[in-house]
Amino acid sequence: MAILIDETKRVLVQGITGREGRTRTRLMKEFGTQVVAGCTPGKGGQEVHEVPVFNSVQEAIEQAGSIDVSVIFVPAPLVKGAALEAVEAGVPLLVIVPDRVPLYDVLEIAHAANANDVKFLGPNTLGVLSPGRAVLGMMGGRAENARKWFRQGPVGLSSRSGGITSSIAYYLSQSGIGLSTQVHVGGDSVVGLPHPEIVRLFQNDPETRVIVLFGEIGTSQEERVAEMMQSGEVTKPVVAFIGGKAAKEGTRFSHAGAIIEGGRGTHEGKVRVLKNAGAHMVDSFERIPEVTKSVLAGL
Amino acid sequence: MARLFEYQGKELLKAQGIPVPNGLTANSPSEARKAAEKIGCPVVIKAQVWSTSRAASGGIAFAESPEEAEQFASTILGHKIGPFEVKTILVEEKLSVDREMYAGILVHDKVPGPLLLFNTQGGSGVEDQSGARSLDIDIVQGLPQSDAETFLKKVGISDSLNSKLADLLVRLYKTARTNEARSTEINPIILTTDGELYAADCRIAIDDYAVFRHEDLGIEIARELSSPPTRLDKIAHDVEFHDYRGTFYFIQLEHDFKKGDGVIGFHGAGGGGSMMSMDALLAEGFKIANFCDTSGNPPASKVYRAARIILSQPGIDGYFASGSGVASQEQVHSARGLVKAFREVGLDVPAVIRLGGNMEDEAVEILHDFTRELPAPVEGYKRDDPASYCAQRMRTLVDSHRSSKSKSGIESAKPPENPYQFETVTKGTVLFDHALCADCESKICVKSCVPQILKLEEGLPVLGISREDAAKGKCTECLACELECSRHGRGAARITLPIPGLD
């Protein structure tokens, strides 16, 4: 098992004829993802890396068959339209790769997704990759790299930083520890599947034995994971690193942040609550593999 | 977040029908005097700066007469509050206060959705109070008057004030939604002794990502900055604004420093990796001149411009580039961008460049191959070299480097005899001196062109596509033709990438 993506899922690429859409379709296909259709309005009938292109999500479903996931590679101002189209067509999972999607657009997407029981990863995500199985988004850049860098195993990785998702997965793999799935939740303050949602999926995934968390300052994501650990909802061991210690200075929280979070969002606060909840806190990035290894050995 | 000044925010509130005190802005003491005359004294004078502690810093004063207003203005204008110089003041009628309250529209990352916060008490220090109550707002439905009234009843406002205040909250949400604000706060809302409600102060921050839909707001830099943008910050922002490919983010952190102070020009890739890499530099005892992030698969030209901007800080002792270490983006583009910048300025401080990830072998080869003639060493590293090790190398190189007087890294080229040129998507120029190309056997430019848009015509390199298509972005500014030609050809290819304000 893995979470969110494996080789059985049927994938659609929205914006498949664009620069990123084209390149990443190739990566996904070569890595083992079943990309069964693409769509770009007005470009129906074309093919991209042997994937048929349709004018709309609905048309893709009618002609290519059911869709489990849609990966969105359209310019940020067009993301809302593309996402709502996929939600209406009944696609159960979206991966929104683009950066800089306006906040209120994300809130509207979230509203429609909730109402229709649709989940979305991102925006501003590098994607998700299950080693040896399949990838969504752009993680690894090229299939040959992704195969070489990431190995399959018992660690579920959830990260707030895209590049760091790859680097933790790589350093873990180098030290002989593989991954069930590695997820970049997205770099924005509001995302569809934040840490708590991903951790919940890992908790329910039989293959995942240890959860590695890369947190960052801002938002309430890490605090909510700590609450889930405290309440007993999460029983698998969590290894966590919180980045952004140096960036503390110059990063200011407005009145709003102070009122709404009541001390949440800071580096110290996140480290403290996770530690109290029983997480294995790592203070130096390079020690993540070592700590993860010893936690695995203790199971 | 792109913050607005109080007077700008009040314009937005007014446009939605929320009463604000009668006021005028002034940029000089005499303007302040005229404003006070027009409004009628007593007035309050408020410095327009992004600070939460204006009152405590002497940024707010009351005046009983136009003369006093002028006098206060002359002490406040030009004065600094935190890092911000006061350039504008707001002169407003003084209200007779019966009661102060707080209201804000924020975005809750957990719901996720807009959130109304309300406190029956307002004024400075509200962030420390636990009395604030909240109401989730449905993004599609908005905030109906009836919901606002019910909410206010729950917080104990049920008298005649209820519907009037509810109306203000409804308009406050409309202000937030219409302008796509991440936060819209009124602190305080004032109830005057004659029973009227006013937004006496406000703090609005527009969503950076939505600024393009609100050009009328005149936001110069769509980012939350803890100090005013510097000349370089503005130049960098301009580069990013005019090139949608990938991401480029630059902020100056240190301002007055000179060679020998241990300040390093920093060039990261990706937020998490950049923070980690800066931590590594700090651990080696360095200071960081600037934060910079080029990521999201930027073209070589963007990385080049970023590097030129970083290098324009004369006091840096070294150049450190490092991201997550295992990048998905093709690192050759970053390598070419860096190399072009280093060669053009004749790099005279050591550089440590960590280019781990996709195409790292080719990237590091380019980095080493093209920087051998430079006055200072350039070392390239890959995914198996941790940031901490690279920072140690930076330390070793900086400590042992003696800067040479000669700044001539690469000879400047002669004027072209027979130029063939075309424009690129960022107003750059690609030029081939066909007089030199005629003798070239390698024709390396055509072979190395990443998007493959060049062809040979009578043995000379020309565009294989229309000039319009090249200028629309088919020429990706990969910089390969220029670099490869300098090595294997005749040095006939020259790419000029303007950086407005820097050159």
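Remember, predicted model here, so these are calculated numbers, not experimental data.

A.B. asks: Pulling in residues and values, what's your account of the overall build of chain A?
C.D. replies: Helix and strand counts for chain A come out as 11 helices and 14 strands. Its C-alpha radius of gyration of 19 Å places chain A within 12% of the 19 Å reference for a compact globule of 299 residues. Each principal axis of the C-alpha distribution contributes one length, and for chain A these read about 55 × 45 × 35 Å. Looking at chain A as a whole, 58% of its 299 residues are labelled buried. Intrachain contacts of chain A at a sequence separation of at least 6 include 71% that bridge at least 24 residues.

A.B. asks: Quick rundown of the sheet that holds strand E25 (residues 493-496) of chain B? Include the residues and the values.
C.D. replies: Residue and element names in this part refer to chain B. One open sheet holds the 3 strands; their spatial order is E21-E22-E25, and the pairing between them is antiparallel. Each of the sheet's edge strands pairs with one partner strand only, and the pair in question is strand E21 (419-423) and E25. Between one strand and the next, the sheet's axes are offset by a mean angle of 15°, whatever the strand orientation. Two elements, strand E22 (residues 429-433) and E25, share 4 bridges in a ladder whose sense is antiparallel.

A.B. asks: Lay out the domain arrangement of chain B in plain terms, naming residues and giving numbers.
C.D. replies: Domain parsing of chain B yields domain 1 (23-93), domain 2 (97-217), domain 3 (231-400) and domain 4 (419-496). For domain 2 of chain B versus domain 4 of chain B, the separation of C-alpha centres amounts to 57 Å.

A.B. asks: I'd like to hear about the pairing of strand E8 (residues 97-108) of chain B, residue by residue, with values.
C.D. replies: All names here are of chain B. One ladder, built from 7 bridges, connects E8 with strand E11 (residues 181-192); its direction is antiparallel. If you follow Ile105 over to E11, its bridge partner there is Thr184. As judged from the 7 bridges shared by E8 and strand E9 (residues 113-119), these two strands associate in the antiparallel manner. Counted as the bridge partner of Val107 is Pro114 from E9. Where E8 folds back onto E9 in an antiparallel hairpin, the turn is made up of 4 residues.

A.B. asks: Please provide a residue-by-residue account of the sheet that holds strand E13 (residues 238-242) of chain A, values included.
C.D. replies: Residues and elements named next belong to chain A. Pairing is mixed across the open sheet formed by 7 strands, whose spatial order is E9-E8-E11-E10-E12-E13-E14. Two strands bound the open sheet, and with one partner strand each, they are strand E9 (134-137) and strand E14 (280-281). Judged from the 4 bridges that link them, strand E8 (residues 127-130) and E9 form a sheet pairing that is antiparallel. Among the inter-strand pairings, Gly127 is bridged to a residue of E9, identified as Gly137. Each of strand E10 (152-159), strand E11 (179-184) and strand E12 (210-215) is contacted by helix H7 (residues 195-203), which is oriented at about 165° to E10, the strand it contacts most. The strands that helix H10 (residues 267-276) touches are E12, E13 and E14; relative to E13, the one it contacts most, it runs at about 170°.

A.B. asks: Could you give me a rundown of the interface of chain A and chain B, with the residues and numbers involved?
C.D. replies: Every contact between the two is made by 50 residues of chain A and, on the other side, 51 residues of chain B. Elements with a minimum of two residues in the side of chain A that touches chain B: helix H4 (103-115), helix H5 (143-149), helix H6 (162-174) and helix H9 (255-261) of chain A. Considering only residue class, the side of chain A that touches chain B consists of 22 nonpolar, 18 polar and 10 charged.

A.B. asks: If you had to explain the domain arrangement of chain A to someone new, which residues and values would you point to?
C.D. replies: Residue and element names in this part refer to chain A. Along its sequence, chain A is carved into domain 1 (10-121) and domain 2 (127-297). Each of domain 1 and domain 2 has a C-alpha centre, and these two points are 26 Å apart. At the interface, 20 residues of domain 1 touch 18 residues of domain 2. Of all the elements in the fold, those that place two or more residues in the side of domain 1 that touches domain 2 are helix H1 (19-31), strand E5 (69-72), H4 and strand E7 (119-121).

A.B. asks: If you had to explain the pairing of strand E6 (residues 93-96) of chain A to someone new, which residues and values would you point to?
C.D. replies: Residues and elements named next belong to chain A. Neither face of E6 is left uncovered, since the one carrying Leu93 and Val95 and the one carrying Leu94 and Ile96 both have all their residues buried. Sheet topology places E5 next to E6; 4 bridges connect them, and they run parallel. The residue of E6 that forms the bridge with Val71 is Val95. With helix H3 (residues 79-88) bridging E5 and its parallel neighbour E6, the resulting β-α-β unit is right-handed. Judged from the 3 bridges that link them, E6 and E7 form a sheet pairing that is parallel. Its bridge partner being in E7, Leu94 is matched across the sheet by Phe120. For the handedness criterion, the β-α-β arrangement of E6, H4 and E7 is classed as right-handed.

A.B. asks: Describe in detail helix H5 (residues 161-179) of chain B, supporting the description with residues and values.
C.D. replies: The first and last C-alpha atoms of H5 of chain B sit 27 Å apart over 19 residues, in line with the 27 Å expected at 1.5 Å per residue. Looking at H5 of chain B, one finds that the buried residues are Leu165, Ala166, Leu168, Leu169, Val170, Leu172, Tyr173, Lys174, Thr175, Ala176 and Asn179 of chain B.

A.B. asks: Residue-level account of unusual backbone geometry, with values.
C.D. replies: The omega angle of the peptide bond from Gly122 of chain A to Pro123 of chain A is 5°, so this bond is cis rather than trans. The topology assignment puts Pro123 of chain A in the loop between E7 and E8. Geometrically, the link from Val111 of chain B to Pro112 of chain B is a cis peptide bond, its omega value of -20° lying close to zero. You can see Pro112 of chain B is positioned in the loop between E8 and E9. Although it is not a glycine, Leu4 of chain A sits at a positive phi angle of roughly 65°. Although it is not a glycine, Glu50 of chain A adopts a positive phi angle of roughly 65°. In this structure, Glu50 of chain A sits in the loop between strand E3 (47-48) and strand E4 (51-54). C-beta crowding within 10 Å serves as the criterion here: with 8 such atoms nearby, Glu50 of chain A is assigned to the exposed category.

Quick notes on the rules
Residues numbered from 1 in each chain as written. Chains lettered and ligands numbered in written order. Predicted model: local features only at pLDDT ≥ 70, side-chain atom pairs only at ≥ 80, totals over all residues. Helix = DSSP H or I, 4+ residues; strand = E, 2+ residues; numbered from the N terminus. Rg over C-alpha atoms; globule rule 2.2 N^0.38 Å. Buried ≥ 20, exposed ≤ 12 C-beta atoms within 10 Å, placed from the backbone. Contact = placed C-beta atoms within 7 Å. Pairing = 2+ DSSP bridges. Axes fitted to C-alpha atoms, helices over the stretch in contact; angles between N-to-C directions. Domains from an automatic or database assignment. Nonpolar A, V, L, I, M, F, W, Y, C, P; charged D, E, K, R; others polar. Right-handed = clockwise from strand over helix to strand, strands pointing away. Expected span 1.5 Å × (residues − 1).

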